[in-house]
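Chains, contacts and geometry: an overview
Each chain is listed here by its residues.
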Amino acid sequence: MKVLMIIPAYNEEGNIIKTVKQIKEYKHKKIKLDYVVVNDGSRDGTRELLVKNDINFIDLVNNLGIGGAVQAGYKYAYYNGYDIAIQFDGDGQHDINYVDKLINEIVENDCDLVVGSRFVGNESSFLSTKSRRVGINLLSGIIKLFTGKVLKDVTSGYRAANREIIERFFGDYVFEYPEPITNLQIIKAGYKVKEVPVNMNERVHGKSSISFSKSIYYMLNVGVTMVIFGIGGKR
Amino acid sequence: MEKRLIVVLVVIMVLLLLYMFKVVKKDKISMNNILIWLVLDVLVIFCIIFVDPLFNVANFLGIETVANMMFFIGFICLIVICFNLSNKVSIQNKKIITLTQELGILKNRIDKLVK
């Protein structure tokens, strides 16, 4: 069983080495983790840092945004024959100790896509701000409306995909704000999706990719896209 | 329409047409991207010269003045062209993303082979 951690990194010189170290030092009796960092055209010293520390990375010459960076990781997983690919943020938000739970759902319970969730169970120390939670609940409501399925943490970037989903993401991925929209698409296409409680931390360095001023645009963009894909037939 | 105005307008449109020819010749723009503008330009020239039938068309459509009709048609044309361009930009964006990703993966592969 080959497992790849996909770590998108845009201007993450403050966090990236620590994140990779966590993965390298991760010990589990059954699971061996490979990783690839996707340097999304960073303008700080991220690239030099990756070279200096001999870290396996994909160097994107243009800044593609989170969707394009993560898809590059999925393409890498596809080309290199990985069975499971896991998105893992380069900013220290995600907790490596929950990775076995995500993998387990795919291996033991035949899930296609597993979403690490802050809002299921009581594992997470950080639950995002109130206004964001309102937005997340709204998007979650759209998924419920069109698929009948409950997915609480629709924006979670801590996800594990099996080979079938890797192949799907290889061919088609959402570039701007991928998680909520791809979750809807995958559920709608009839795949088995499950939410697993995980811990998430507050960011240590740098800013979140979605600032408050952009949140209106975000909700409009993602909301309308989800409604369009929700109304349409299976894809 | 005043004769002088017709001459001035036609001269302007013909100059524009010649400019577009020049741009095509210099290979700055491909035919599939400029064809719509060429066609529009020629149509406008026709409309300027043969303005009388346009009154009948406007009348038929229930639009009071020819000027209003021309603005309306021009507006619709521009919207269609703009939308078409948005579509093209987004297709090209997708292609650039794919190229960037494949290049990145290739660089990763080469680095590993060199090591």
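Rules used in this analysis
- For every chain, the first residue of the written sequence is number 1, and numbering continues from 1 along that sequence.
- Numbering of ligands from 1 and lettering of chains from A proceed in the order in which they are written.
- For a predicted model such as this one, the threshold for reporting local features is a pLDDT of at least 70, and the threshold for listing and counting side-chain atom pairs is 80 or more; totals across whole chains, interfaces and linings nevertheless cover every residue.
- To get the side-chain values, all heavy atoms of the structure are used, and hydrogens and water are removed first.
- In this text, helices come from DSSP runs of H or I with a minimum length of four residues, and strands from runs of E with a minimum of two, each type numbered from the N-terminal end.
- Working rule for contacts: check all heavy atoms of both residues, and any pair within 4.5 Å makes them a contact.
- Method for areas: the Shrake-Rupley scheme with a 1.4 Å probe, in which residue coverage is limited to the protein chains shown.
- The convention is simple: Lys and Arg are positive, Asp and Glu are negative, and His and the chain ends are not counted.
- Just so you know, the charge point we use is NZ for Lys, CZ for Arg, CG for Asp and CD for Glu.
- Accessible surface is computed with a 1.4 Å probe, and the buried area is the amount of it that two parts give up when combined, taken over both parts together.
- Put simply, a salt bridge is a Lys or Arg side-chain nitrogen that is within 4 Å of an Asp or Glu carboxyl oxygen.
- Polar here means any residue other than Ala, Val, Leu, Ile, Met, Phe, Trp, Tyr, Cys and Pro, which are nonpolar, and Asp, Glu, Lys and Arg, which are charged; Gly is therefore polar.
- When accessible area is computed with a 1.4 Å probe and restricted to protein chains, residues below 20% of their type maximum are described as buried, those above 50% as exposed, and intermediate ones as partly exposed.
- Criterion used throughout: strands pair if DSSP finds at least two bridges between them.
- What is meant by a nonpolar core is a set of buried Ala, Val, Leu, Ile, Met, Phe, Trp, Tyr and Cys residues, joined one to another through side-chain atoms within 4.5 Å.
- Any two cysteine sulfur atoms lying within 2.5 Å of each other are counted as a disulfide.

Right, let's get into the overall build of chain A. Summing up its helical and strand segments, chain A has 8 helices and 7 strands in all. In terms of overall dimensions, chain A has C-alpha extents of about 50 × 40 × 35 Å along its principal axes. Taking contacts inside chain A between residues at least 6 apart in sequence as the whole, the part at least 24 apart equals 75%. Total accessible area on chain A is roughly 10,900 Å²; 53% of this is exposed by carbon and sulfur atoms. Within chain A, one finds 31 positive and 27 negative side-chain charges whose respective centroids are separated by 4 Å.

Take the interface of chain B and chain A next. Facing the 14 residues of chain B at the interface are 17 residues of chain A. The largest per-residue losses of area from chain B upon contact with chain A belong to Thr100(B), Gln101(B) and Ile105(B), which jointly make up 37% of the total buried on that side. A salt bridge links Lys107(B) to Asp59(A); its shortest N-O distance comes to 3.0 Å. Along the lines of polarity and charge, the residues of the side of chain B that touches chain A split into 4 nonpolar, 5 polar and 5 charged.

This part is about the pairing of strand 4 (residues 84–87) of chain A. All names here are of chain A. Residues Ile84 and Ile86 of strand 4 are buried on one face, and the alternating residues Ala85 and Gln87, pointing to the opposite face, are buried as well. Pairing geometry for strand 1 (residues 3–9) and strand 4, over 4 bridges, is parallel. If you follow leucine 4 over to strand 4, its bridge partner there is alanine 85. By the bridge criterion, 3 bridges tie strand 4 to strand 6 (residues 159–162) in an arrangement that is antiparallel. Looking at the pairing, alanine 85 lines up with alanine 161 of strand 6.

A few words now on the environment of Val44(B). Note on placement: Val44(B) falls in helix 2 (residues 31–49). Sequence spacing of Val44(B) and Phe60(B) is 16 residues, and the spatial spacing of their C-alpha atoms is 20 Å.

All names here are of chain A. Formed by 43 residues in total, the largest nonpolar core has its most connected members in Tyr74 and Met226. Ranked by residue count, the leading element in this core is helix 3 (residues 65–79), at 6 residues. Beyond its immediate chain neighbours, meaning those up to four positions away, methionine 226 contacts Leu139, Ile142, Ile143, Phe146, Pro180, Ile181 and Leu184. If you look at the next biggest cluster of nonpolar residues, it comprises 31 residues, including Tyr26, Val37, Phe57 and Leu102.

Turning next to the pattern of salt bridges. All names here are of chain A. This model, assessed by the stated rule, comprises 9 salt bridges over all chains. A salt bridge links aspartate 34 to lysine 32; the nearest nitrogen and oxygen atoms lie 3.0 Å apart. Taking relative accessible area as the criterion, aspartate 34 reaches 23% and is therefore assigned partly exposed. Lysine 32 sits in the exposed class, given a relative accessible area of 61%.

What follows concerns the side chain of Lys75(A). As for its placement among the helices and strands, Lys75(A) is situated in helix 3. Buried charge without a salt bridge: Lys75(A), with Glu102(B) as the nearest opposite-charge side chain at an N-O distance of 4.3 Å. Excluding residues that lie within four positions of it along the chain, Lys75(A) makes contacts with Phe170(A), Thr98(B), Gln101(B), Glu102(B) and Ile105(B).

Turning to the pairing of strand 1 of chain A, a few remarks are in order. Residue and element names in this part refer to chain A. A large share of strand 1 lies buried, amounting to 7 of its 7 residues. The alternating pattern of strand 1 places Val3, Met5, Ile7 and Ala9 and Leu4, Ile6 and Pro8 on opposite faces, both of which are buried. In this structure, strand 1 lies alongside strand 2 (residues 33–40), joined through 7 bridges in parallel fashion. Bridged to proline 8 within strand 2 is valine 38.

For the coordinates displayed, the defined rule picks out 0 disulfides over all chains. Not engaged in a disulfide, the cysteine Cys77(B) finds its nearest cysteine sulfur in Cys47(B); these two sulfurs lie 10 Å apart.

Attention now goes to unusual backbone geometry. Residue and element names in this part refer to chain A. If you check the backbone angles, aspartate 54 has positive phi at about 55 degrees while not being a glycine. Mapped onto the secondary structure, aspartate 54 falls in the loop between helix 2 (46–52) and strand 3 (57–60). The phi dihedral of aspartate 110 falls on the positive side, at around 60 degrees, and the residue is not glycine. Along the chain, aspartate 110 falls in the loop between helix 4 (99–107) and strand 5 (113–117). Judged by relative accessible area, which is 61%, aspartate 110 ranks as exposed.

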